[in-house]
Amino acid sequence: KGIKVTSSSKTNWRLNINENKTMKGENIAVKAIAVSETGKYTESEIVVFTIDKDLPQFSDLKLVQYDGGNPVKTLEYEDEMWISGTGWYLECSIEDDSGIDSGTIMINNKTSVDDKVSLNDGKKYNVKIPLSTPTSGFGTIDFTLNAKDMDEKSNEQTFIIHYDNMPPAFEVSELSETTKTK
């Protein structure tokens, strides 16, 4: 039995296999098969893992661009995605049945994000982290978001986001006669 996953990216895809949060302690086996438009395919090895539902869970991962406090663009987060412009924020939810210790939501295990966190219902936190992208140039923003629950269990999610705010450069090397007369 297979599950078709579609993505706008040619290099990344994501499938939430425990969206309804019913799997706990179960062994899960996954085999990815990539199929081209012409029907050619490549198979991966089978990967087996166990879901630990007792860890803090990251969900609703998205990038939101704001202008004057108003959202103007929303993109579902994908690893190694590209953005352009300024005013971008990473937004996500972190939840755990035992509750999240808000003082333990950290960036790279050292920078607290307390000022970027709002409590939703006691067990779920909404996180909004500004992404510093300069008005010109290009580069990569990468960081790891860590969270610990009230039972001292921790989990982390690494984010890698590329930005390009450099306009394309055009150079004229030679003008033809038809170009000169227009």
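My aim in this report is to walk through the structure given alongside it, one point at a time. (Residues numbered from 1 in each chain as written. Predicted model: local features only at pLDDT ≥ 70, side-chain atom pairs only at ≥ 80, totals over all residues. Heavy atoms only, no water.)

1. Some points on a nonpolar patch on the surface
Here is the rule we go by: Here a patch means residues that are over 30% exposed by relative accessible area and free of salt bridges, tied together within 9 Å if like-charged and within 5 Å if nonpolar (Val, Leu, Ile, Met, Phe, Trp, Tyr). Residue exposure ignores everything except the shown protein chains as possible cover, and the areas themselves are Shrake-Rupley values with a 1.4 Å probe. For this document, the term salt bridge refers to a Lys or Arg side-chain nitrogen within 4 Å of an Asp or Glu carboxyl oxygen. For the purposes of this entry, the term helix denotes a DSSP run of H or I that reaches at least four residues, the term strand denotes a run of E that reaches at least two, and both are numbered from the N terminus.
Together, Val 30, Val 47 and Phe 49 make up an exposed nonpolar region whose accessible area comes to about 210 Å². When you line up the elements, Val 47 lands in strand β4 (residues 47–50).

2. Brief notes about the pairing of strand β13 (residues 138–148)
On any regular strand, side chains alternate: one points to one face of the sheet, the next to the other face. Using the following cut-off: The criterion for strand pairing is that DSSP finds at least two bridges linking the strands in question.
Where β13 meets strand β14 (residues 154–164), eleven bridges bridge the pair, whose relative direction is antiparallel. Its bridge partner being in β14, Thr 140 is matched across the sheet by His 162. From the end of β13 to the start of β14, which pair antiparallel, there are five residues, and Glu 152 there has a positive phi angle of about 70 degrees.

3. Some details on the side chain of Asn 146
Where we set the bar: As used in this structure description, the phrase polar contact means that two N or O atoms lie within 3.5 Å; if the pair is within protein, one of them must be able to donate a hydrogen and the other to accept it, and residues adjacent in sequence are counted only when both atoms belong to side chains.
With respect to the helices and strands, Asn 146 occurs in strand β13. In this structure the side chain of Asn 146 is engaged in a polar contact, spanning 3.1 Å, whose partner is the side chain of Glu 156.

4. With respect to the pattern of salt bridges
Definition in use: Buried residues are those whose accessible area, probed at 1.4 Å on protein chains only, stays under 20% of the maximum for their type, while exposed residues exceed 50% and partly exposed ones sit between those limits.
Per the counting criterion, the structure on display carries two salt bridges. Residues Lys 31 and Glu 43 are paired through a salt bridge, measuring 2.6 Å at the closest nitrogen-oxygen approach. Here Lys 31 is found in the loop between β1 (27–30) and β2 (33–35), whereas its partner Glu 43 is found in strand β3 (residues 41–43), with twelve residues between them in sequence. Residue Lys 31 is classed as partly exposed on the basis of its relative accessible area of 41%. Its relative accessible area of 39% is what places Glu 43 among the partly exposed residues.

5. Regarding the pairing of strand β6 (residues 70–76)
Among the seven residues in β6, zero count as buried, and that is only a small part of the element. With six bridges joining them, strand β5 (residues 57–67) and β6 adopt antiparallel strand pairing. Considered in β6, the bridge of Leu 63 is made with Leu 75. Counting the residues between successive antiparallel strands, the hairpin from β5 to β6 contains two residues, one of them, Gly 68, with a positive phi of roughly 60 degrees.

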